[in-house]
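# Coordinate inspection notes
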2 protein chains.
Amino acid sequence: MTTMENPVRNGVDTATLFATLDAVKGNNEIAKFQFRATNRWISGTHNQSTIHGFYGAMQEMEHQQPFTYDADHPAVLVGKDNAPTPVEFVLHALAACLTSGLANIAAARGVNLTEVESTVEGDIDLLGILGLSDGSVRNGYQQIKVSFKLRGDDPEKLRKVVEQSRQRSAVYDVVTNGVPVEIEVDAG
Amino acid sequence: MTTMENPVRNGVDTATLFATLDAVKGNNEIAKFQFRATNRWISGTHNQSTIHGFYGAMQEMEHQQPFTYDADHPAVLVGKDNAPTPVEFVLHALAACLTSGLANIAAARGVNLTEVESTVEGDIDLLGILGLSDGSVRNGYQQIKVSFKLRGDDPEKLRKVVEQSRQRSAVYDVVTNGVPVEIEVDAG
């Protein structure tokens, strides 16, 4: 293994990053993951998910701790505002995926970051989910806009890092291209 | 206003739910919402989103408190495991949206729920995001499976409630059909 000048950049351990890439190149099975969440209804629009176990690198794995997240509707949408709405978690997921990705990509390219902030805005017309549209209004977001502010090395390099993150982002792919979802019901 | 026999069912205030539907029928502008998240990079794959303000019902609004959520990668994906990965938050959003929706729909139909649990599994091949595929492996989930367990009234009614929730879910629509995403970069 080559010793690198700066194995940690932007908080990314680039030595481990490149070693992981080499390991996956050697055995593609390592790259097959399954992520999971379990959700439990509490009352009304309030419910809670737990995220803990996942499959990856050819074995069952766990996060260091179980993470729990509530979701609810605000009062204006007939909830108790115990937590954000489900659609707001999609915005968090999108911002987080693009940001994690660009930190890794910048590190791999030797580009230094000092600051990364983003705002994500999703426009939605609730006529869809309320069943009050004639079918012309969709249920989900009509459009999403992500605004990044980056500081660090050369602005042109920073812009290219964002573009590469967009091209490699799992959540961006899910949100822009869609995924087949199967729903199974055990109603006892 | 008609007095209803059971204005709260499954923790859903059905009187308010129907009043909200009436209000939106009277003025479609009320239904135009914009949800938002802001995200700040911390280090490496670790970052944090804040969800607080949103626009809806023809005014700027706020959740009762700002909610913050971290995201990170686990050690096996070169992170510090401070929080779930961004793609796991998509699973939470999907389970939460279907569950909030079915609680509302069941209440509106007079169907009682005693228990709702779900498990969401998303299969992903990281060859895509690692840039190690020949282009045949997508970045995002290849498929997602949601398994619901419901208890309450007649099983057939429970199954229909889930089906109606699927047909009216914002996150299900986003995840299955995709949304246009625009990315703007201020690189100073």
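It should be noted that the structure appears before, not after, this text.
Residues numbered from 1 in each chain as written. Chains lettered and ligands numbered in written order. Predicted model: local features only at pLDDT ≥ 70, side-chain atom pairs only at ≥ 80, totals over all residues. Heavy atoms only, no water.

## Focus: the overall build of chain A
The condition is simple: We count a stretch as a helix when DSSP gives it H or I for four or more residues in a row; a strand needs E for two or more, and each element gets its number in order from the N terminus. The buried label goes to any residue with under 20% of its type's maximum accessible area, the exposed label to any with over 50%, and the partly exposed label to all in between, with areas taken from a 1.4 Å probe on protein chains only. The contact criterion used throughout is that any non-hydrogen atoms of two residues lie within 4.5 Å. Per-residue and other accessible areas were derived by the Shrake-Rupley procedure at a 1.4 Å probe size, with only the shown protein chains allowed to occlude residues. Lys and Arg are tallied as positive, Asp and Glu as negative. Neither His nor the chain termini are counted. Every charge is mapped to an atom, namely NZ of Lys, CZ of Arg, CG of Asp or CD of Glu.
When you go through chain A residue by residue, the secondary structure sums to four helices and eight strands. C-alpha atoms of chain A, sized along the principal axes, occupy 60 × 40 × 30 Å. The 188 residues of chain A split such that 51% are buried. Of all intrachain contacts in chain A linking residues separated by at least 6 positions in sequence, the fraction that spans at least 24 positions is 49%. In the form shown here, chain A has an accessible surface area of approximately 7800 Å², with 46% of it arising from carbon and sulfur atoms. Seen as two clouds, the 16 positive and the 24 negative side-chain charges of chain A have centres 8 Å apart.

## Section: the interface of chain A and chain B
Spelled out, the test is: Take the accessible area each of two parts loses on contact, using a 1.4 Å probe, and add the two losses: that sum is the buried area. The salt bridge criterion pairs a side-chain nitrogen of Lys or Arg with a carboxyl oxygen of Asp or Glu, the two atoms within 4 Å. Polar contact is the term for a pair of N or O atoms within 3.5 Å; when the atoms are in protein, one must be able to donate a hydrogen and the other to accept it, and sequence-neighboring residues count only if both atoms are side-chain atoms.
Facing 126 residues of chain A, the contacting portion of chain B comprises 126 residues. A combined buried area of about 11300 Å² lies between chain A and chain B, and 62% of that area is made up of carbon and sulfur atoms. Contact with chain B buries surface across chain A, with Phe35, Trp41 and His92 of chain A losing the most and accounting together for 7% of the total. At the junction of chain A with chain B, the criterion picks out six salt bridges. The salt bridge partner of Glu184 of chain B is Lys145 of chain A, with a shortest N-O separation of 3.3 Å. At the junction of chain A with chain B, the criterion picks out 68 residue pairs in polar contact (both at pLDDT 80 or more). Here the element with the most residues in the side of chain A that touches chain B is helix H2 (residues 86–108) of chain A; it accounts for 17 residues.

## Looking at the relation of the copies chain A and chain B
Here is the rule we go by: Least squares is the method for superposing the copies, and the C-alpha atoms it fits come from residues with pLDDT of at least 70 in both.
Once chain A is rotated about the relating axis by 180° and shifted along it by 0.0 Å, it coincides with chain B to within an RMSD of 0.0 Å. The superposition operator between the copies reduces to a two-fold rotation axis. Looking at the rotation axis and the C-alpha trace of chain A, the residue lying nearest is Gly178 of chain A, at 2.2 Å. Take the interface residues of chain A: 100% of them recur as interface residues in chain B, which is what a same-surface contact looks like.

## So, unusual backbone geometry
Residue and element names in this part refer to chain B. Of note in this structure, Asn10 is not a glycine but carries a positive phi near 55°. Along the chain, Asn10 turns up in the loop between strand E1 (8–9) and strand E2 (12–13). The exposure class assigned to Asn10 is buried, which follows from its relative accessible area of 10%. At Met58, a position not held by glycine, the phi torsion is positive, near 65°. Structurally, the position occupied by Met58 is in the loop between strand E4 (46–56) and strand E5 (59–71). Exposure remark for Met58: the relative accessible area of 44% places this residue in the partly exposed category.

## Observations concerning the packing of H2 of chain A against helix H4 (residues 170–177) of chain B
Condition: For helices, the axis comes from a line fit to the C-alpha atoms of the stretch in contact; other axes are also lines fit to C-alpha atoms, and the angle between any two N-to-C directions lies between 0 and 180 degrees. For this classification, the nonpolar set comprises Ala, Val, Leu, Ile, Met, Phe, Trp, Tyr, Cys and Pro, the charged set comprises Asp, Glu, Lys and Arg, and every other residue, Gly included, is treated as polar.
Orientation of H2 of chain A relative to H4 of chain B, taken along the N-to-C sense of each, is 40°, at an axis distance of 8 Å. Judged by residue contacts, Pro86, Val87 and Val90 of chain A of H2 of chain A engage Ala170, Val171 and Val174 of chain B from H4 of chain B. The residue makeup of the contact of H2 of chain A with H4 of chain B, split by class, is six nonpolar, no polar and no charged.

## A word on the nonpolar core
Side chains of nonpolar character tend, in soluble globular proteins, to be buried together. Let me state the cut-off plainly: Residues grouped as a nonpolar core are buried Ala, Val, Leu, Ile, Met, Phe, Trp, Tyr and Cys residues, joined through side-chain atoms within 4.5 Å.
Ranked by internal contacts, the top residues of the largest apolar core, which has 110 residues, are Ile144 of chain A together with Ile144 of chain B. Excluding residues within four positions of it along the chain, Ile144 of chain A makes contact with Leu91, Leu94, Val120, Glu121, Gly122 and Val175 of chain A together with Val179, Pro180, Val181 and Glu182 of chain B.

## Section: the sheet that holds strand E6 (residues 113–125) of chain B
Stated precisely, the cut-off is as follows: Strands pair, by our definition, only if DSSP identifies at least two bridges between them.
The six strands lie next to each other as E5(A)-E4(A)-E3(A)-E6(B)-E7(B)-E8(A), forming an open sheet whose pairing is mixed. Each edge of the open sheet carries a strand with a single partner, namely strand E5 (59–71) and strand E8 (181–187) of chain A. Taking each pair of neighbouring strands and ignoring which way they run, the sheet shows an average axis angle of 15°. In this fold helix H3 (residues 155–168) of chain B packs onto E8 of chain A together with E6 and strand E7 (143–152) of chain B, with an angle of close to 160° to the strand it touches most, E8 of chain A.

## Some remarks on empty space enclosed by the protein
It is the rolling of a water-molecule-sized probe over the atoms that shows where space remains empty. The following threshold applies: The pocket and cavity definitions rest on a 1 Å grid over protein atoms only: a 1.4 Å probe that fits but cannot leave marks a cavity, an open set with protein on both sides within 12 Å along at least five of seven lines marks a pocket, and residues lining either have an atom within 4 Å of a point. Grid points are joined across faces, edges and corners, and a volume is the space filled by probe spheres set on the points.
For the structure shown, the criterion picks out one cavity of 30 Å³ or more. Each pocket or cavity is described by its volume, and for the largest cavity that value is around 50 Å³. Lining the largest cavity are Ser43, Gly44, Thr45, His46, Asp72, Val78, Gly79 and Lys80 of chain A together with Gly11, Val12 and Asp13 of chain B. In the lining of the largest cavity, the residues fall into two nonpolar, six polar and three charged.

## Section: the sheet that holds strand E7 (residues 143–152) of chain A
Read from one edge to the other, the open sheet built from six strands follows the order E5(B)-E4(B)-E3(B)-E6(A)-E7(A)-E8(B), with strand pairing classed as mixed. Strands with a single pairing partner mark the edges of an open sheet, and in this sheet they are E5 and strand E8 (181–187) of chain B. Strand-to-strand twist in this sheet, taken as the mean axis angle between neighbours without regard to direction, amounts to 15°. When E7 of chain A meets E8 of chain B, the two strands line up parallel, connected through seven bridges. Looking at the pairing, Ser147 of chain A lines up with Glu184 of chain B of E8 of chain B. Against the sheet, H2 of chain A makes contact with strand E6 (113–125) and E7 of chain A together with strand E3 (32–43), E4, E5 and E8 of chain B, and its axis sits at roughly 30° relative to E3 of chain B, the strand it touches most.

## Re the environment of Leu91 of chain B
Note on placement: Leu91 of chain B falls in helix H2 (residues 86–109). Separated by 53 residues in sequence, Leu91 of chain B and Ile144 of chain B have C-alpha atoms that sit 8.4 Å apart.

These results come straight from atomic positions and should not be treated as a statement about function.
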